[in-house]
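Okay, here's what each chain looks like letter by letter:
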Amino acid sequence: MSAATYDIVAIGNAIVDVIAKADDAFIAQEGLNKGSMQLLFTTEEAEALYAKMAAGIEASGGSAANTVAGIAALGGTCGFIGQVAKDQLGNVFAHDIRALGVTFTTEARIEAEPPTARCLILVTPDGQRTMNTFLGASQFLPAAALDKTMIASGAILYLEGYLWDPEEPRGAMREAIAIARGAGRKVAFTLSDTFCISRHRGDFLKLIADGDVDILFANEAEILSLTELDDFEAAVSRIAAQVPLLVVTRSEQGAIAVKDGARFAVPAEPIDAVVDTTGAGDLFAAGFLAGQAQDRSVEDSLTMGAICAAEIISHYGARPEADLKAVIAQRFG
């Protein structure tokens, strides 16, 4: 097996985030499920909700894209594969991710409709984010758009569960797994949301059972949903027996990992206030994967994940504002 060119190659939704404050009354009025994610299926739906939102900020996002942005900020080498349209937001996304030092070679194949994906994020005073995602062009990522050389050159292929929903990118990710496996690389998968699990539990469990996942990321609600169990420890035990490395975040209770039967745990990092939880799981994964790429221990990788998650929830938006490399260096020396 040849040496890897990239620490991580990720496949995910290429999305521009629109983030605005909202109160609980607005969430209820719009019939939204607070703290979760729902899909907007038409351009008209997305435009209607956007028109009702308060003034906010726009920034390139998407779960796996946020993760590689965090890894790049930590000094890692990354590639990203995701579909955008030939429009203004598509140009913004491509420019932003390349400016971070992430290799992005996916051709903008879609001329106008559907437009580049966007996620309308409503943040309530308690810091919880309610995401309303219009997948737009991102849900039409074809297998033909895969950069096979880049996938084969990544030490870890990282896939987001959000992108499993549309049929075309689901097929592309299955092919990407085969490419990575053929090149002797590892595959990491994040469950993303209970919404994704409820729709694709069978697929996710089969990926795990077939040995196609080396590193599985989940939060507490997701691991319970995946197993359809009410007991956290029982859920962890069931899945940990099937994957080489399981990583589960637990919000203010910190995070755990189980590797080859050995369990590790770290507390959450203290912060002054939770401002916006958007991207917390994405940046946790960034810190953890960067730690693994640097050959750090599982416990130190968990700590790096916790540090990155704490930084991201201390401000609006899902991209780091602090110098993550400096923060990590201060902790570890």
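What counts and how
- Residues numbered from 1 in each chain as written.
- Predicted model: local features only at pLDDT ≥ 70, side-chain atom pairs only at ≥ 80, totals over all residues.
- Heavy atoms only, no water.
- UniProt positions renumbered as here; feature names shortened; annotations may be inferred.
- Pairing = 2+ DSSP bridges.
- Helix = DSSP H or I, 4+ residues; strand = E, 2+ residues; numbered from the N terminus.
- Axes fitted to C-alpha atoms, helices over the stretch in contact; angles between N-to-C directions.
- Phe/Tyr/Trp six-rings, centres within 6.5 Å; stacked < 30°, edge-to-face > 60°.
- Buried < 20%, exposed > 50% of the residue type's maximum accessible area, 1.4 Å probe, protein only.
- Lys NZ or Arg CZ within 6 Å of the ring centre and 35° of its normal.
- Salt bridge = Lys/Arg side-chain N within 4 Å of Asp/Glu carboxyl O.
- Contact = heavy atoms within 4.5 Å.
- Expected span 1.5 Å × (residues − 1).
- Bend = angle between axes of the 7 residues up to and from the residue.

As named in an unreviewed UniProt entry, the protein chain is Sugar/nucleoside kinase (Ribokinase family), taken from Sphingobium boeckii. Under the UniProt heading Sequence similarities (unreviewed entry), the entry covering the protein chain gives this text: "Belongs to the carbohydrate kinase PfkB family."

This part takes up the sheet that holds strand 3 (residues 37-40). Read from one edge of the open sheet, five strands run 3-8-7-2-4, paired in mixed fashion. This sheet does not close on itself; its edge strands, each paired only once, are strand 3 and strand 4 (56-61). Ignoring strand direction, the axes of neighbouring strands in this sheet form an average angle of 25 degrees. Strand direction decides the pairing type here: strand 3 and strand 8 (residues 129-134), joined by four bridges, are parallel. Among the inter-strand pairings, Leu40 is bridged to a residue of strand 8, identified as Phe134.

Here we come to the packing of aromatic side chains. In this description, an aromatic ring pair is defined by two values, namely the gap between the centres and the angle between the planes. Counted according to the given criterion, the structure contains eight aromatic pairs. Look at Phe93 and Phe104: their rings are 5.7 Å apart centre to centre, the planes differ by 70 degrees, and that puts the pair in the edge-to-face class. Taken as a pair, Phe93 in helix 4 (residues 88-99) and Phe104 in strand 6 (residues 103-104) lie far apart in primary sequence, 11 residues in all. For the pair shown, Phe93 and Phe104 are each scored as buried. The ring of Phe232 carries the charged tip of Arg250 above its face, separated from the ring centre by 3.7 Å. A cation over an aromatic ring shows up here: Arg296 above the ring of Phe332, its NZ or CZ 4.8 Å from the ring centre.

With that settled, the discussion passes to the pattern of salt bridges. In the structure shown here, the tally under the stated rule is 12 salt bridges. Across the salt bridge formed by Glu233 and Arg263, the nearest N and O atoms sit 2.6 Å from each other. Taken together, the residues span a long stretch of sequence, with Glu233 in helix 9 (residues 232-240) and Arg263 in strand 14 (residues 262-266) at a distance of 30 residues. The salt bridge involving Glu269 is made with Arg331; its shortest N-O contact spans 2.5 Å. Of this pair, Glu269 sits in the loop between strand 14 and helix 10 (280-293) while Arg331 sits in helix 12 (residues 324-332); the two residues are 62 residues apart in sequence, bridging distant segments of the chain. Accessibility expressed as a relative area gives 43% for Arg331, which makes it partly exposed. Within the structure, one salt-bridge network assembled from shared partners comprises Asp24, Lys34 and Asp126.

This part is about the environment of Pro142. Structurally, Pro142 can be placed in the loop between strand 8 and helix 5 (148-152). As for Pro142 and Met173, which are separated by 31 residues in sequence, their C-alpha atoms are 9.2 Å apart. Discounting residues that sit within four places of it in the chain, Pro142 has contacts with Gln83, Arg109, Glu168 and Ala172.

Okay, helix 7 (residues 194-209) next. Taking 1.5 Å as the rise per residue, helix 7 with 16 residues should run 22 Å; its terminal C-alpha atoms sit only 19 Å apart, a clear shortfall. Of all bends in helix 7, the biggest is about 90 degrees, found at His200. By the burial criterion, the buried members of helix 7 are Cys196, Ile197, His200, Arg201, Phe204, Leu207 and Ile208. In this fold, the buried residues of helix 7 make contact with helix 6 (167-182), strand 10 (186-190), strand 11 (215-219) and helix 8 (220-227). Gly211 sits one or two positions beyond helix 7 and adopts a positive phi of about 80 degrees.

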